[in-house]
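Here is what each chain is made of, one letter per residue.
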Amino acid sequence: MASRTATKDIITLRGSAAIVSEFFGYAANSILYNRGIYPEESFAKVKKYGLPMLLTQDEGVKSFISKLTAQLSEWLETGKLQRVVLVIMSKATGEVFERWNFSIETDSEVVDKGVSREKSDKEIMREIQAIMRQIASSITYLPCLDEPCVFDVLAYTDKDVAAPFTWIESDPKLISNPQMVKLHSFDTKIHKVDTLVSYKNDEWDE
């Protein structure tokens, strides 16, 4: 009888950084689409992670996300990235309505010694798939955004990291007394990403 075992794929630091930074790009697109930050018709459907995903066709947003993921990948490869937060706020007042928080734990041995890890690509995809499904279903519990909104991205890095000139120091754009919902996490065995969304309470809910 032939025995079957789950195939393990070799995950390198660079490969893991690519997986995680690409995930951020798709997650950001999904959040912007599902929260109605840009018009529905400005997104195009593609297949990714075994799911139909929507990507912005707005050149300005595309360029922003492309530069963002490239920078995140660089920080992930050095083990210096701790957290990424996508913030949704009022276009008129700057009031923060939602913070999509992605916390990152990095295997320091991989960074220091250059070793690799093993994990099935399919298993990683299934974990990411679960997060993407949760982002898509978040509209069932998140309050309606009934005014024009914009987004920003905050990156938390080790203190010894020099910020590129396109990044500026920012306040944390916090929400007072937020509601919080923890989403699934995924783990490449080198980078573990935990996801949490916090959002402003409706006044009548308090």
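Per an unreviewed UniProt entry, the protein goes by Mitotic spindle checkpoint protein MAD2 and derives from Abeliophyllum distichum. The annotation that UniProt attaches to the protein under Sequence similarities (unreviewed entry) is "Belongs to the MAD2 family."

S.K.: Where do I start with the overall build of the protein in this structure?
M.R.: The helix and strand tally for the protein stands at four helices and nine strands. Listed by position from the N terminus, the elements making up the protein come as β-α-β-β-α-β-β-α-β-α-β-β-β. Taken over C-alpha atoms, the radius of gyration comes to 18 Å for the protein, in line with the 17 Å a tight globule of 206 residues would show. Within the span of the protein, comprising 206 residues, buried residues form 39% of the whole. Charge-centre separation for the protein: the mean point of 25 positive side chains lies 7 Å from the mean point of 31 negative side chains.

S.K.: Teacher, can you tell me more about the pairing of strand S5 (residues 96-106) here?
M.R.: Residues in a regular strand project their side chains so that they alternate between the two faces of the sheet. The element S5 is largely enclosed, with a buried count of eight among its 11 residues. With seven bridges joining them, strand S4 (residues 81-90) and S5 adopt antiparallel strand pairing. Bridge pairing in S5 places Leu86 opposite Trp100. Adjacent in sequence and paired antiparallel, S4 and S5 are bridged by five residues, among which Gly94 carries a positive phi angle near 80°. Sheet analysis places S5 next to strand S9 (residues 191-199), joined by nine bridges and oriented antiparallel. Looking at S9, one finds that Trp100 is bridged to Val197.

S.K.: Would you explain the sheet that holds S5 in this entry?
M.R.: The strands making up a sheet are joined through hydrogen bonds of the backbone, oriented either antiparallel or parallel. Strands sit in the order S7-S4-S5-S9-S8 across an open sheet of five strands; the sheet is antiparallel. Where the open sheet ends on each side, the last strands, each with one partner, are strand S7 (149-157) and strand S8 (179-187). Adjacent strand axes in the sheet meet at a mean angle of 15°, parallel and antiparallel pairs treated alike. Helix H2 (residues 59-77) contacts S4, S5, S7 and S9 of the sheet and is inclined by roughly 15° relative to S7.

Conventions we followed
Residues numbered from 1 in each chain as written. Predicted model: local features only at pLDDT ≥ 70, side-chain atom pairs only at ≥ 80, totals over all residues. Heavy atoms only, no water. UniProt positions renumbered as here; feature names shortened; annotations may be inferred. Helix = DSSP H or I, 4+ residues; strand = E, 2+ residues; numbered from the N terminus. Rg over C-alpha atoms; globule rule 2.2 N^0.38 Å. Buried < 20%, exposed > 50% of the residue type's maximum accessible area, 1.4 Å probe, protein only. Lys, Arg positive; Asp, Glu negative; His and termini not counted. Charge placed at Lys NZ, Arg CZ, Asp CG, Glu CD. Pairing = 2+ DSSP bridges. Axes fitted to C-alpha atoms, helices over the stretch in contact; angles between N-to-C directions. Contact = heavy atoms within 4.5 Å.

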